[in-house]
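Below are the chains, spelled out letter by letter.
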Amino acid sequence: MKITFYGHACLGIQIKDLHILVDPFISGNEKASEIDIESVKADYILLTHAHQDHTLDVEAIAKRTGAIIVSNYEIVVHYQGLGLEGHPMNHGGSWDFEFGNLKYVNAIHTSSFPDGKYGGQPGGFVIEGEHKTIYIAGDTALTMDMKLIPMQTKLDLAILPIGDNFTMGIDDAIIASDFIQCDKILGYHFDTFGYIEINHEEAKRKFFDKGKDLMLLEIGESVEL
């Protein structure tokens, strides 16, 4: 499993020959100007919620690649109405895709499209591949529901928002890593704009002091599990 950080909360996940794109917000992110959305690969597009900073490039990329959009029912129906292919899910549900089992789990946030249209309820994803299992929290507050995840699966990596203000900050993300029983964390949803700028060294130190590893990738950088 190879994970590439495209900035903000956008990720590319490669499992064997399949490409999964998560929350594509690239063209509107000045910090991701080096990423060409015309070259981004996607067989599936996972959307945690409907906010513009997670969905801006969905339509363009899905039209070019033919990717299947996977999200909550309301978001998928929205894109199906635009002629795009989708697979609707809802909280607590799971489905065996060709890349592995995908479960849609709870998140605490809001979800609306840029025009104010209802975007269902936000969520996160647990991906169980053949060899590795990861948790993508999406935009969320710290929640006790996270404790349910390790009751069903053992995580190899958790991807948590750490920018504070709109989501968890560093301290709550450390508690979240305890709840999900995973000490290997990839941070995201930080530094894109002023409200969510963080001190990188301080964040890494706080995780290290708790015996945990926080990875902060540069935009375009990848990690393999």
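Reading guide: rules and limits
- Throughout, residues of each chain are indexed from 1 in the direction in which the sequence is written.
- Per-residue local features of the predicted model are confined to residues with pLDDT of at least 70, and side-chain atom pairs are confined, for both listing and counting, to 80 or more; whole-chain, interface and lining totals are unaffected and use all residues.
- Heavy atoms throughout the structure, all of them, feed into the side-chain values; hydrogens and water do not.
- UniProt positions are given in the numbering used here, feature names are shortened, and annotations may be inferred rather than shown by experiment.
- For salt bridges, the criterion is a side-chain nitrogen of Lys or Arg within 4 Å of an Asp or Glu carboxyl oxygen.
- Think of it this way: any DSSP run of H or I at least four residues long counts as a helix, any run of E at least two long counts as a strand, and we number them from the N terminus.
- For two strands to pair, DSSP has to find at least two bridges joining them.
- Lines are fitted to the C-alpha atoms to define the axes, a helix being fitted only along its stretch in contact, and any angle between axes, read from their N-to-C directions, falls within 0 to 180 degrees.

Looking at an unreviewed UniProt entry, one finds the protein chain named UPF0173 metal-dependent hydrolase ACFFGA_07545, with Winogradskyella pulchriflava as its source organism. Under the heading Sequence similarities (unreviewed entry), UniProt records this for the protein chain: "Belongs to the UPF0173 family."

Digging into the pattern of salt bridges
According to the stated counting rule, one finds 9 salt bridges in the structure shown. For Asp 213, the salt bridge goes to Lys 184, with nearest N and O atoms at 3.6 Å. Taken together, the positions of Asp 213 in strand β13 (residues 213–215) and Lys 184 in strand β12 (residues 184–188) put the pair 29 residues apart, joining distant regions of the chain. For Asp 209, the salt bridge goes to Arg 205, with nearest N and O atoms at 3.3 Å. On the criterion of helical spacing, the pair formed by Asp 209 and Arg 205 is a turn pair, its members being 4 residues apart in helix α5 (residues 200–209).

As for the sheet that holds strand β11 (residues 157–161)
Spatially, 7 strands are ordered β7-β8-β9-β10-β11-β12-β13 in an open sheet, and the strand pairing comes out mixed. The open sheet has two edge strands with one neighbour each: β7 (94–97) and β13. Neighbour-to-neighbour, the strand axes of the sheet open up by a mean angle of 20 degrees, direction not taken into account. Where β7 and strand β8 (residues 100–106) come together, 4 bridges link them in antiparallel fashion. Residue Asp 96 lies in a different strand from β8, and its bridge partner there is Asn 101.

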